[in-house]
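Okay, here's what each chain looks like letter by letter:
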Amino acid sequence: SNPIEVFSVIYFGDMNTGLTVAEPAVAAAYATLGKDDALSAAGSVLAGYHRRFPLNDDEIAVFFTLMATRLAVSVINSAHRKALIPDDPYVTVSEAPAWAALERLAKIPVPQADERLFAATTFPGTARSADRPGSRESLPSLEQSLSSRREFFASNLSLSYDRPLKIVRGWM
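Residues numbered from 1 in each chain as written. Predicted model: local features only at pLDDT ≥ 70, side-chain atom pairs only at ≥ 80, totals over all residues. Heavy atoms only, no water.

*Asks:* Residue-level account of the overall build of the chain, with values.
*Replies:* When its secondary structure is counted, the chain shows six helices and zero strands. Looking at the chain as a whole, 27% of its 172 residues are labelled buried. Long-range contacts, defined here as pairs at least 24 residues apart, represent 69% of the contacts in the chain between residues at least 6 apart. Surface exposure of the chain reaches about 12200 Å², of which carbon and sulfur atoms provide 58%. (Helix = DSSP H or I, 4+ residues; strand = E, 2+ residues; numbered from the N terminus. Buried < 20%, exposed > 50% of the residue type's maximum accessible area, 1.4 Å probe, protein only. Contact = heavy atoms within 4.5 Å. Areas by Shrake-Rupley, 256 points an atom, 1.4 Å probe, with all protein chains shown as cover.)

*Asks:* Break down the packing of aromatic side chains for me, citing the residues and quoting the values.
*Replies:* Here the structure, examined in full by the defined rule, presents one aromatic pair. On the basis of an interplanar angle of 40° and a centroid distance of 5.4 Å, the ring pair of Tyr-49 and Phe-53 is categorised as tilted. A cation over a ring is seen here: Arg-52 above Phe-53, with NZ or CZ 5.1 Å from the ring centre. (Phe/Tyr/Trp six-rings, centres within 6.5 Å; stacked < 30°, edge-to-face > 60°. Lys NZ or Arg CZ within 6 Å of the ring centre and 35° of its normal.)

*Asks:* Tell me about helix 1 (residues 22–31), residues and numbers included.
*Replies:* Taken together, the buried positions of helix 1 are Pro-24, Ala-25, Ala-28 and Ala-29. Taken end-on, helix 1 shows its buried residues confined to a sector of 145°, consistent with a single buried face. Looking at the buried positions of helix 1, the neighbouring elements they touch are helix 2 (38–52) and helix 3 (57–84). (Arc of directions from axis to C-beta.)

*Asks:* Could you give me a rundown of the nonpolar core, with the residues and numbers involved?
*Replies:* Counting residues in hydrophobic clusters, the biggest one holds 25 residues, and the most contacted among them are Phe-63, Phe-64, Met-67, Leu-71 and Leu-105. For this core, the element with the highest residue contribution is helix 3, accounting for seven residues. Once residues within four sequence positions are removed from consideration, Phe-64 is found in contact with Leu-39, Leu-105, Ile-108, Val-110, Ala-113, Asp-114 and Leu-117. (Core = buried A, V, L, I, M, F, W, Y, C linked by side-chain atoms within 4.5 Å.)

*Asks:* Which residues make up helix 2, and what values do they have?
*Replies:* End to end, helix 2 covers 22 Å across 15 residues, agreeing with the expected 21 Å (1.5 Å per residue, within 8%). Turning to helix 2, its buried residues number three or more, namely Ala-38, Leu-39, Ala-41, Ala-42, Gly-43, Leu-46, Ala-47 and His-50. Tucked inside the fold, the buried residues of helix 2 contact helix 1, helix 3, helix 4 (95–106) and helix 5 (110–120). (Expected span 1.5 Å × (residues − 1).)

*Asks:* With reference to specific residues and values, describe the pattern of salt bridges.
*Replies:* Counted according to the given criterion, the structure contains two salt bridges. Of the charged contacts, one joins Asp-37 and Arg-116 as a salt bridge, the two residues approaching to 3.3 Å between their closest N and O atoms. Remark: Arg-116 occurs in helix 5 and Asp-37 occurs in the loop between helix 1 and helix 2; sequence separation between them is 79 residues. Taking the relative accessible area as the measure of exposure, Asp-37 reaches 38% and is therefore partly exposed. For the salt bridge of Lys-82 with Glu-95, the shortest nitrogen-to-oxygen distance reads 3.2 Å. (Salt bridge = Lys/Arg side-chain N within 4 Å of Asp/Glu carboxyl O.)

*Asks:* Before we move on, can you summarise the side chain of Asn-56 with the specific residues and values?
*Replies:* Mapped onto the secondary structure, Asn-56 falls in the loop between helix 2 and helix 3. Separated by 2.9 Å, the side chain of Asn-56 and the backbone nitrogen of Asp-58 make a polar contact. (Polar contact = N/O pair within 3.5 Å; in protein donor to acceptor, adjacent residues only side chain to side chain.)

*Asks:* Any details on the packing of helix 1 against helix 2? Residues and values, ideally.
*Replies:* Where helix 1 contacts helix 2, the axes come no closer than 8 Å and their chain directions differ by 150°. With respect to helix 2, the element helix 1 is oriented roughly antiparallel. As helix 1 runs across helix 2, the sense of the crossing is right-handed. Facing helix 1, whose interface residues are Glu-23, Pro-24, Ala-27, Ala-28 and Ala-31, helix 2 presents Ala-41, Ala-42, Val-45 and Tyr-49. Along the lines of polarity and charge, the residues of the contact of helix 1 with helix 2 split into eight nonpolar, no polar and one charged. (Axes fitted to C-alpha atoms, helices over the stretch in contact; angles between N-to-C directions. Parallel < 35°, antiparallel > 145°, perpendicular 65-115°, else oblique. Left-handed = near helix turned anticlockwise from the far one by under 90°. Nonpolar A, V, L, I, M, F, W, Y, C, P; charged D, E, K, R; others polar.)

*Asks:* Describe the packing of helix 2 against helix 5, listing the residues and the values that go with them.
*Replies:* Contact geometry of helix 2 with helix 5 gives a least axis separation of 8 Å together with a crossing angle of 40°. Like other packed secondary-structure pairs, helix 2 and helix 5 cross with a definite hand, here right-handed. Packed against helix 2, whose contacting residues are Leu-39, Ser-40, Ala-42, Gly-43, Leu-46 and Ala-47, the element helix 5 presents Ala-113, Arg-116, Leu-117 and Ala-120 at the interface.

Functional significance is not addressed by these values, which are geometric in nature.
Next up, the structure:
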């Protein structure tokens, strides 16, 4: 009988379908561990990823929140696993640094974080225009929005300010 030779192994255990932006956000979350300037570390990861796999503005806009969410999941998992396996140091290896990173991130206003992360993805040769899905430039103009408002809203719903606002996104 001839022995069977194994030339390679393909492991599909970590294969999943998800948000593209989650990949660099998770990597950036861990890159912030132990860093005083978390946004600089995160921006470096994001910029490197974006150079090879460009993200749209909507994806970049959720990057900071996804990073913080990943760190929150990490500390929750550590606490849960620590309760199940109290003598295993591996389950808490990143718990303290993740908490410290979360505390640093919590002090950064989201608009400031977004501004720094958008800046990290702006370099020559990178699209940041209407030809890219989700780009801010691809949103309707103020005039287009007002025209739509006149078409779909009753005239008794008038604008109560001299200069209309164009609100694209908000935070709580």
